[in-house]
Amino acid sequence: YKLLPANISTIFKGYESLETNSKILAIIKDDNRVETAHEGDEILFVMDQTPFYAESGGQVGDTGVVMNEDVELRVEDTQKITGNHVVHRGVVVRGCLNVGDNVKALVDQNKRLATARNHSATHLLHKALKQVLGPHVEQSGSLVTPSRLRFDFSHFAPLTEEEIEKVERLVNQKIMEGMVIEAFETSFDKARE
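To keep things clear, this report deals only with the structure shown in the data block.

Calculation rules
- Residues numbered from 1 in each chain as written.
- Predicted model: local features only at pLDDT ≥ 70, side-chain atom pairs only at ≥ 80, totals over all residues.
- Heavy atoms only, no water.
- Helix = DSSP H or I, 4+ residues; strand = E, 2+ residues; numbered from the N terminus.
- Buried < 20%, exposed > 50% of the residue type's maximum accessible area, 1.4 Å probe, protein only.
- Areas by Shrake-Rupley, 256 points an atom, 1.4 Å probe, with all protein chains shown as cover.
- Lys, Arg positive; Asp, Glu negative; His and termini not counted.
- Charge placed at Lys NZ, Arg CZ, Asp CG, Glu CD.
- Contact = heavy atoms within 4.5 Å.
- Core = buried A, V, L, I, M, F, W, Y, C linked by side-chain atoms within 4.5 Å.
- Expected span 1.5 Å × (residues − 1).
- Polar contact = N/O pair within 3.5 Å; in protein donor to acceptor, adjacent residues only side chain to side chain.
- Pairing = 2+ DSSP bridges.
- Salt bridge = Lys/Arg side-chain N within 4 Å of Asp/Glu carboxyl O.

1. Structural notes on the overall build of the protein chain
- Across its full length, the protein chain holds three helices and twelve strands.
- Summarising its shape, the C-alpha atoms of the protein chain cover approximately 60 × 30 × 25 Å along the three principal directions.
- Considering the protein chain as a whole, with its 193 residues, one finds that 35% of them fall into the buried category.
- When the accessible surface of the protein chain is totalled, it reaches about 11700 Å², and 50% of it is carbon and sulfur.
- Each charge class in the protein chain was averaged separately, 22 positive and 30 negative side chains, and the resulting centres sit 3 Å apart.

2. Here we look at the side chain of asparagine 118
- Looking at the secondary structure, you find asparagine 118 in helix α1 (residues 109-133).
- When sequence neighbours within four positions are dropped, the list of residues in contact with asparagine 118 reads Val144, Thr145, Pro146, Ser147, Arg148 and Leu149.

3. Considerations on unusual backbone geometry
- One non-glycine residue, aspartate 30, adopts positive backbone phi at about 50 degrees.
- Residue classification places aspartate 30 among the exposed residues on the basis of a relative accessible area of 60%.
- Phi is positive for aspartate 31, which is not a glycine, with a value near 60 degrees.

4. Thoughts on the nonpolar core
- With 16 residues, the main nonpolar core has Ile43, Phe45, Met47, Val66, Leu73 and Leu97 as its most contacted residues.
- Those elements that provide at least two residues to this core are β2 (19-29), β5 (42-47), β8 (71-81), β9 (85-98) and β10 (102-107).
- Not counting residues up to four positions away in its chain, the partners in contact with valine 66 are Phe45, Met47, Phe52, Val71, Glu72, Leu73, Val75, Val103, Lys104 and Ala105.

5. A few points about α1
- Between its first and last C-alpha, α1 extends 36 Å over 25 residues, near the 36 Å set by a 1.5 Å rise per residue.
- The set of residues buried in α1 consists of Arg112, Ala114, Thr115, Asn118, Ala121, Thr122, Leu124, His126, Ala128, Leu129 and Leu133.
- On its buried face, α1 is in contact with β1 (11-12), β10, β11 (139-144), β12 (149-153) and α2 (161-177).
- The N-cap of α1, judged by a side-chain oxygen 3.2 Å from the amide nitrogen of asparagine 110 a few residues on, is aspartate 108.
- Of the residues one or two after α1, glycine 134 is the one with positive phi, at around 125 degrees.

6. Section: the pairing of β8
- With four bridges connecting them, strand β7 (residues 64-67) and β8 associate as antiparallel partners. Across the sheet, valine 65 pairs through a bridge with arginine 74, a residue of β8.
- Joining the antiparallel neighbours β7 and β8 is a turn of three residues.
- Examined bridge by bridge, β8 and β9 share ten bridges and lie antiparallel to one another. Counterpart to leucine 73 in the pairing with β9 is valine 92.

7. Thoughts on the pattern of salt bridges
- Following the criterion strictly, the structure yields eleven salt bridges and no others.
- For lysine 104, the salt bridge is made with glutamate 19, and the minimal N-O distance between the two is 3.2 Å. Taken together, the positions of lysine 104 in strand β10 and glutamate 19 in strand β2 put the pair 85 residues apart, joining distant regions of the chain.
- In this structure, lysine 29 engages aspartate 41 in a salt bridge whose closest nitrogen and oxygen atoms are separated by 3.7 Å. One end of the pair, lysine 29, is in strand β2; the other, aspartate 41, is in the loop between β4 (36-38) and β5, and twelve residues separate them in sequence.
- Relative accessible area serves as the criterion here: at 13%, aspartate 41 is assigned to the buried category.

Below you can see the structure in the form of structure tokens.
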């Protein structure tokens, strides 16, 4: 994003914690970099570290609150922009925010956990589709939100009712097993394995 200095970046801490103590590095209002945002302002802002997951791989960005004793912001979306710029879109609901302010960033835990469950379900669905339809099935897109998921995949024909029931049964069996899930970063090739 052209208004963000190239020398700033954000460290993502959201796998370890749903809250961070962060510093405001940049504020954008009405397509201008500003030093201060006031109550009612709709802004984009960057912090030095964030617990907010930025939209990626079909998964929507986190929402939540950023605050200190003088200001409160409602975070409505989180996006990753070129390089390590994680941009939060939000509204100042109380007080005034300044570049350099120290704030507490808090992810909406219920939404994050619901989104994570749906993200896991896409992996279970992919595996079940491969089992029922064959190894040629590949993911071609997805959308993961707190309330639903969409999984796009390649196959030669529409699924029959019987195939749908088999896939559903396999996914539900795995969900009921309550398997332990571990999040970690890896290469694209290792993730595909």
